[in-house]
Amino acid sequence: MTVERVVVGISGASGAALGVRIVERLTSLPAIETHLVVSQAARRTLELECGPDAFESLLSRVRHHHPIGDIGASIASGSFPVHGMIVAPCSMQTLSAIATGRTDSLLTRAADVQLKERRHLVLLTRETPLHLGHLRNMCTVTEIGAIVMPPVPAFYHQPQSVEEIIDHLATRAIDLLALSNSPLSKSWQGT
């Protein structure tokens, strides 16, 4: 069985539970090697939104954790084979850096590598309302190959809890990586 590497980046926007759930789902899949990079702001948001042990819990789940300042990490090079990357949540600062090719942190460098190598890059952008600069950055990253997936709930599935909403968004993001032909997320069956 071939092992697929997936990078998960967590930036400081609200919605840290999305990144946590993506890591949980990826690490439960067979033959997935998860690499994690977390910004300083994300560590603060993780503690605020998910609890004081959230970061340590994430570290215990992944195969590799790369410090945000380690621009010499394996995931900073296109020669290191990776299936793709999800940034969840993706702050507007992180989106802007990716859109403009600013690679001054490992998170944005790893995202840039995905784009230059024509690999999957899924960005769960988190902000509302949006101004024109945000929208232009979303257009730019889309034009250069990323998939922008604002975490908008699918209410037609009639979720019964916030956890169900988070899980559906997490599985949709993972499905966008095209790791297999069998989607993880609940698909629409019609009315």
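One can find the structure itself at the top, above this paragraph.
Bear in mind the structure is a predicted one, so any value in this text is a computation, not a measurement.

Details of the packing of helix H1 (residues 16-28) against helix H7 (residues 162-175)
Okay, so step 1: The interhelical angle for the contact between H1 and H7, taken along N-to-C directions, is 60°, at an axis separation of 9 Å. Between H1 and H7, the crossing angle belongs to the class labelled oblique. In this structure, H1 meets H7 at a crossing whose hand is right-handed. Residues Ala17, Leu18, Arg21, Ile22, Arg25 and Leu26 of H1 form the contact with H7, whose own contacting residues are Ile166, Asp167, Leu169, Ala170, Thr171, Ala173 and Ile174.

A closer look at the nonpolar core
Okay, so step 1: Ile22, Leu36, Leu46, Ile86 and Leu124 are the most contacted members of the largest nonpolar core, which totals 29 residues.
Okay, so step 2: In terms of residue count, H1 provides more of this core than any other element does, six residues in total.
Okay, so step 3: Counting 25 residues, the second-largest nonpolar core is a separate cluster that includes Val7, Leu106, Leu115 and Ala146.

Some words on a nonpolar patch on the surface
Okay, so step 1: Residues Leu130, Leu132 and Leu135 make up a contiguous nonpolar surface patch of roughly 240 Å² in combined accessible area.
Okay, so step 2: Locating leucine 132 in the fold gives a position in helix H6 (residues 132-143).
Okay, so step 3: The class for leucine 132 is partly exposed, based on a relative accessible area of 47%.

Regarding the packing of aromatic side chains
Okay, so step 1: All chains considered together, the criterion is met by zero aromatic pairs.
Okay, so step 2: When the ring centre of phenylalanine 55 is taken as origin, the NZ or CZ atom of arginine 43, which lies over that ring, is 3.9 Å away.

Some points on unusual backbone geometry
Outside of glycine, negative phi angles account for most residues, and trans bonds account for most peptide bonds.
Okay, so step 1: At the junction of alanine 88 and proline 89, the peptide bond is cis and its omega measures out at -10° in the coordinates.
Okay, so step 2: As for its placement among the helices and strands, proline 89 is situated in strand E4 (residues 84-90).
Okay, so step 3: Looking along the chain, the bond that leaves threonine 128 and enters proline 129 is cis, with omega of -10°.
Okay, so step 4: As for its position among the elements, proline 129 is in the loop between strand E5 (120-125) and H6.

Some thoughts on the side chain of histidine 83
Okay, so step 1: Structurally, histidine 83 is set in the loop between strand E3 (64-65) and E4.
Okay, so step 2: A distance of 2.7 Å separates the side chain of histidine 83 from the backbone oxygen of leucine 177, its partner in a polar contact.
Okay, so step 3: Each residue touching histidine 83, except ones within four places of it in the same chain, is listed here: Glu4, Arg5, Arg119, His120, Leu177, Ala178 and Leu179.

Things to note about the sheet that holds strand E6 (residues 147-148)
Okay, so step 1: Here six strands make up an open sheet; going across it, the order is E3-E2-E1-E4-E5-E6 and the pairing parallel. With one partner strand each, in any of the chains shown, E3 and E6 form the two edges of the open sheet.
Okay, so step 2: Relative to E5, E4 is paired through five bridges, and the arrangement is parallel. Each residue of the ladder has a partner; that of valine 87, found in E5, is leucine 123.

How each quantity is defined
Residues numbered from 1 in each chain as written. Predicted model: local features only at pLDDT ≥ 70, side-chain atom pairs only at ≥ 80, totals over all residues. Heavy atoms only, no water. Axes fitted to C-alpha atoms, helices over the stretch in contact; angles between N-to-C directions. Helix = DSSP H or I, 4+ residues; strand = E, 2+ residues; numbered from the N terminus. Parallel < 35°, antiparallel > 145°, perpendicular 65-115°, else oblique. Left-handed = near helix turned anticlockwise from the far one by under 90°. Contact = heavy atoms within 4.5 Å. Core = buried A, V, L, I, M, F, W, Y, C linked by side-chain atoms within 4.5 Å. Buried < 20%, exposed > 50% of the residue type's maximum accessible area, 1.4 Å probe, protein only. Patch = residues over 30% accessible without salt bridge, like charges linked within 9 Å, V, L, I, M, F, W, Y side chains within 5 Å. Areas by Shrake-Rupley, 256 points an atom, 1.4 Å probe, with all protein chains shown as cover. Salt bridge = Lys/Arg side-chain N within 4 Å of Asp/Glu carboxyl O. Phe/Tyr/Trp six-rings, centres within 6.5 Å; stacked < 30°, edge-to-face > 60°. Lys NZ or Arg CZ within 6 Å of the ring centre and 35° of its normal. Polar contact = N/O pair within 3.5 Å; in protein donor to acceptor, adjacent residues only side chain to side chain. Pairing = 2+ DSSP bridges.

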